[in-house]
Amino acid sequence: MPKDVKAAKTLRHDWTRAEAEALYAQPFFDLLFQAQQVHRAHFDANRIQLSRLLSIKTGGCPEDCSYCSQSARNGSELTASKLMEVERVIAEARKARDAGATRYCMGAAWRSPKDRDMAAIEAMIRGVRGLGMETCMTLGMLSFDQTLRLKDAGLDYYNHNVDTSESYYSEVITTRTFADRLETLDHVRTAGIKVCTGGILGMGESELDRVDMLVTLANLPEHPESVPINMLIPMEGTPLAKARPVDPFDFVRVIALARIMMPESHVRLSAGRTGMSDEMQAMCFLAGANSLFMGDTLLTAPNPEEDKDMQLFARLGLQPETVETSRPE
Ligand code: SAM
Ligand code: DTB
Ligand code: SF4
């Protein structure tokens, strides 16, 4: 095995900011080449993991995340809903499975789940798992006890984004801290649930903030299995509605850096694909992104239509990943 490929096989948790910055600042094509080498040493570069999102409880959230349409403190016109019924969630998941999704991600606009909601959440996890899909939930902060209940119900992944660097965090959210986020991630890891955590680009943060965010993720005791990189969708009524768009090449650089620093993680090209050309998305795949959300809606914002994605995959020769499942129904 060539030396550089062998080196790429070692997982590291001691990245310094200077090292990460130096990788990030390389000429664009050197960075992309390195990312592609690392990618190929760990993954089939022609496969992509497909997840589907569902908002099981929309809007009315007490947190003040300045990017989010679901915060009650932001001026978006979204009406708050109650927690969806378990049967409806399972019916939606079945449709997603039949359209090729292998993981079903359920999101709630909560600061943290109320104990009275836990039984319904557990029933959703059991029901979706019963369809032979992987399950993911994103419900806000968790106590350790709640985390154990989710694990017992069979939850595969928990999504909880750090969103940005530690030093920029309070510019975006004031109702909780970066340390709160890390605490929930620690509960999730300790309980034996797979970790999905990443962030958003385009909230006015610097390039160094983006690098710092990846250093935090890569230096967790274990790398997150899944790293969503979202391009901010500027939502009307939110403080970030008029934020300056990210340079697409800078976005690709962040994907490449995530791939190099966390070689075995799935890096997800998450929110913001409706604003990206096919060529831009292909460049993100080349940089090592190997997962995305399929289906026409994310939580509240639009996403490319399934047909459009399927056409793109066909043109690129990309095949959806499959999971080992026993499909009972
Ligand atoms: N309330 C839970 C929480 O905050 O953890 C779960 C749902 S929350 C909407 C999940 C993630 O979606 C956020 O952490 C953020 O990274 C992402 N997100 C929300 N609004 C977004 C937007 N307008 N553009 C891009 N990403 C967004
Ligand atoms: C993640 O990183 N992105 C997803 C998921 N995790 C929960 C959410 C994107 C939300 C985009 C804005 C919306 O739909 O409201
Ligand atoms: Fe609430 Fe999550 Fe939106 Fe923040 S990102 S306002 S916690 S739904």
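Fair warning: this is a prediction, and the values are worked out from it, not measured in the lab.

Moving on: the overall build of the protein chain. Of the regular secondary structure elements, the protein chain holds twelve helices and ten strands. In terms of overall dimensions, the protein chain is globule-like: its C-alpha atoms have a radius of gyration of 19 Å, near the 20 Å expected for 329 residues. Viewed in the frame of its principal axes, the protein chain has a C-alpha envelope of about 55 × 45 × 40 Å. Of all 329 residues assigned to the protein chain, the portion counted as buried reaches 57%. Sequence separation of 24 or more characterises 76% of the internal contacts of the protein chain that already satisfy a separation of 6 or more. As displayed, the protein chain offers around 14,400 Å² of accessible surface, 51% of which is attributable to carbon and sulfur atoms. Mean positive and mean negative side-chain charge positions of the protein chain (37 and 46 charges, respectively) differ by 3 Å.

What follows covers the environment of Ile125. Mapped onto the secondary structure, Ile125 falls in helix α5 (residues 118-130). With a relative accessible area of 0%, Ile125 lands in the buried category. Separated by twelve residues in the primary sequence, Ile125 and Met137 have C-alpha atoms spaced 8.4 Å apart. Those residues in contact with Ile125, other than ones at most four positions away along the chain, are Thr135, Met137, Leu150, Ala153, Gly154 and Leu155.

A few words on the site of ligand 3. Within the structure, ligand 3 sits among Cys61, Glu63, Cys65, Tyr67, Cys68, Ser71, Ala109, Trp110 and Arg176. The residue inventory of the shell around ligand 3, partitioned by class, reads six nonpolar, one polar and two charged.

This part takes up the site of ligand 1. Around ligand 1 sit 16 residues, and of these Thr138, Asn161, Asp163, Arg181 and Ile233 come closest. Measuring from a nitrogen atom of ligand 1, one finds a backbone N or O atom of Ala108 at 3.2 Å. At 2.8 Å from an oxygen atom of ligand 1 is found a side-chain nitrogen or oxygen belonging to Arg181. Of the residues assigned to the shell around ligand 1, the class counts are ten nonpolar, four polar and two charged.

Looking at where Tyr67 falls in the secondary structure, it is placed in the loop between β1 (47-57) and α4 (86-98). On the basis of relative accessibility, which here comes to 15%, the residue Tyr67 falls in the buried class. Each C-alpha atom of the pair Tyr67 and Gly202 lies 9.7 Å from the other, and the pair is 135 residues apart in sequence.

A few words now on the packing of aromatic side chains. Tallied over the full model, the rule gives three aromatic pairs. Ring plane angle 70 degrees and centroid distance 5.3 Å describe the contact between Phe28 and Phe249, whose orientation is recorded as edge-to-face. In this pair, Phe28 sits in helix α3 (residues 28-42) while Phe249 sits in helix α10 (residues 248-261), placing the two residues 221 residues apart along the sequence. Look at Tyr169 and Phe178: their rings are 5.6 Å apart centre to centre, the planes differ by 70 degrees, and that puts the pair in the edge-to-face class. The exposure class assigned to Tyr169 is buried, which follows from its relative accessible area of 2%. Look at Phe178 and you get buried, because its relative accessible area is 5%. Among the aromatic residues, ring-to-ring pairing joins Phe28, Phe29 and Phe249 into one connected group. In this structure, Arg253 packs its charged tip against the face of Tyr24, placed 5.7 Å from the ring centre.

At a minimum axis distance of 8 Å, the contact between α10 and helix α11 (residues 278-286) shows a crossing angle of 25 degrees. Here α11 runs roughly parallel to α10, going by the angle between their axes. In terms of crossing hand, the pair formed by α10 and α11 is right-handed. Residues Pro248, Phe249, Phe251, Val252 and Ile255 of α10 lie in contact with α11, whose contacting residues are Met280, Met283 and Cys284. Counted by class, the contact of α10 with α11 contains eight nonpolar, no polar and no charged residues.

Now for the confidence of the model for the protein chain. In this model, the protein chain carries a mean pLDDT of 94, and residues with pLDDT of at least 70 account for 95%. This model gives residues 325-329 a pLDDT under 50, and the stretch forms eleven contacts once residues within four places in sequence are excluded.

Residues of helix α6 (residues 144-153) that are buried include every one of Gln146, Thr147, Leu150 and Ala153, and no others. The buried residues of α6 occupy an angular sector of 120 degrees when projected down its axis, which confines them to one face. Opposite the buried face of α6, by more than 90 degrees, sit the exposed residues Asp145 and Asp152. Packed against the buried residues of α6 are α5, β4 (157-159) and α8 (178-191). Immediately downstream of α6, the backbone of Gly154 shows phi near 105 degrees, a positive value.

Look at Asp163: it is not a glycine, yet its phi comes out positive at around 70 degrees. Counting through the fold element by element, Asp163 comes out in the loop between β4 and α7 (169-172).

Reading the values: rules and limits
- Residues numbered from 1 in each chain as written.
- Chains lettered and ligands numbered in written order.
- Predicted model: local features only at pLDDT ≥ 70, side-chain atom pairs only at ≥ 80, totals over all residues.
- Heavy atoms only, no water.
- Helix = DSSP H or I, 4+ residues; strand = E, 2+ residues; numbered from the N terminus.
- Rg over C-alpha atoms; globule rule 2.2 N^0.38 Å.
- Buried < 20%, exposed > 50% of the residue type's maximum accessible area, 1.4 Å probe, protein only.
- Contact = heavy atoms within 4.5 Å.
- Areas by Shrake-Rupley, 256 points an atom, 1.4 Å probe, with all protein chains shown as cover.
- Lys, Arg positive; Asp, Glu negative; His and termini not counted.
- Charge placed at Lys NZ, Arg CZ, Asp CG, Glu CD.
- Near = heavy atom within 4 Å.
- Nonpolar A, V, L, I, M, F, W, Y, C, P; charged D, E, K, R; others polar.
- Polar contact = N/O pair within 3.5 Å; in protein donor to acceptor, adjacent residues only side chain to side chain.
- Phe/Tyr/Trp six-rings, centres within 6.5 Å; stacked < 30°, edge-to-face > 60°.
- Lys NZ or Arg CZ within 6 Å of the ring centre and 35° of its normal.
- Axes fitted to C-alpha atoms, helices over the stretch in contact; angles between N-to-C directions.
- Parallel < 35°, antiparallel > 145°, perpendicular 65-115°, else oblique.
- Left-handed = near helix turned anticlockwise from the far one by under 90°.
- pLDDT = per-residue confidence, 0-100.
- Arc of directions from axis to C-beta.

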